Amino acid sequence: MKRMIKMGLILAGIIAVLPDCMAVGVAVPLGVDSTCTSGTGENNAYDWRALCQLNSGTPRPSVPVRGVGFCASNTGLTIGDTLETGLTMAEGANASCFCRMISPWVSQWVFRARYGGTSAESSCHMNCAKQCSNAMMTTSTSGYNYTVKSALLNSMNWQYD
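To keep things clear, this report deals only with the structure shown in the data block. (Residues numbered from 1 in each chain as written. Predicted model: local features only at pLDDT ≥ 70, side-chain atom pairs only at ≥ 80, totals over all residues. Heavy atoms only, no water.)

### Section: the overall build of the protein
- Check the secondary structure of the protein and you find three helices and six strands.
- For the protein, the succession of helices and strands along the chain, N to C, is α-β-β-β-β-β-β-α-α.
- Counted over contacts in the protein with a minimum sequence separation of 6, partners at least 24 positions apart contribute 59%.
- For the protein, the exposed surface amounts to about 9,000 Å²; the carbon and sulfur share of it is 59%. (Helix = DSSP H or I, 4+ residues; strand = E, 2+ residues; numbered from the N terminus. Contact = heavy atoms within 4.5 Å. Areas by Shrake-Rupley, 256 points an atom, 1.4 Å probe, with all protein chains shown as cover.)

So this is what it looks like as structure tokens:
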């Protein structure tokens, strides 16, 4: 009986960590020089998508990328700064747009833009996902969108929130 209980606990432990192992085990060679097109990020939406071509391989396969935009009240950040956790829902005159890639891997939250004034919250909710999509589709090698794309592709969130 003790042996069956031990085996059950071991099996439960393996099952509990399996999703984390699978999420970290994804190897998709996307980089800031990957070409991303077909982006969608609608006004007044929370999710965004892009189709990115890998940097290598013949033919160069495409990888669907999905993400979310979130408006938070966090301040004191510069574009491209990353956070693992700790975002607070935006309310009132200060709102900050954060982007997160959720597929093919989960990135950290990346700061994209700050909104101020009486319509800050509604402006952020209206534009945030679209700005995240635009950042992913940039072909520029400098500027705000490049900084956000680089942070999304080079950060992995090790804490799931």
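### Examining the environment of C99
- Relative to the helices and strands, C99 is located in strand β5 (residues 94-103).
- Sequence separation between C99 and G80 is 19 residues; the distance between their C-alpha atoms is 9.6 Å.

### Focus on the sheet that holds strand β3 (residues 62-72)
- Strands sit in the order β1-β2-β3-β5-β6-β4 across an open sheet of six strands; the sheet is antiparallel. In this open sheet, the two edge strands, each paired with only one partner strand, are β1 (35-40) and β4 (82-83).
- With two bridges connecting them, β4 and strand β6 (residues 109-116) associate as antiparallel partners. Across the sheet, the residue bridging to T82 is V110, located in β6.
- Sitting on the sheet, helix α2 (residues 120-136) is in contact with β1, β2 (47-53), β3, β5 and β6, with an inclination near 35° to β5. (Pairing = 2+ DSSP bridges. Axes fitted to C-alpha atoms, helices over the stretch in contact; angles between N-to-C directions.)

### Details of the environment of N44
- Mapped onto the elements of the fold, N44 is located in the loop between β1 and β2.
- C-alpha separation for the pair N44 and S123, spaced 79 residues apart in sequence, amounts to 9.0 Å.
- If we skip the residues at most four places from it in the chain, N44 touches H125 and M126.

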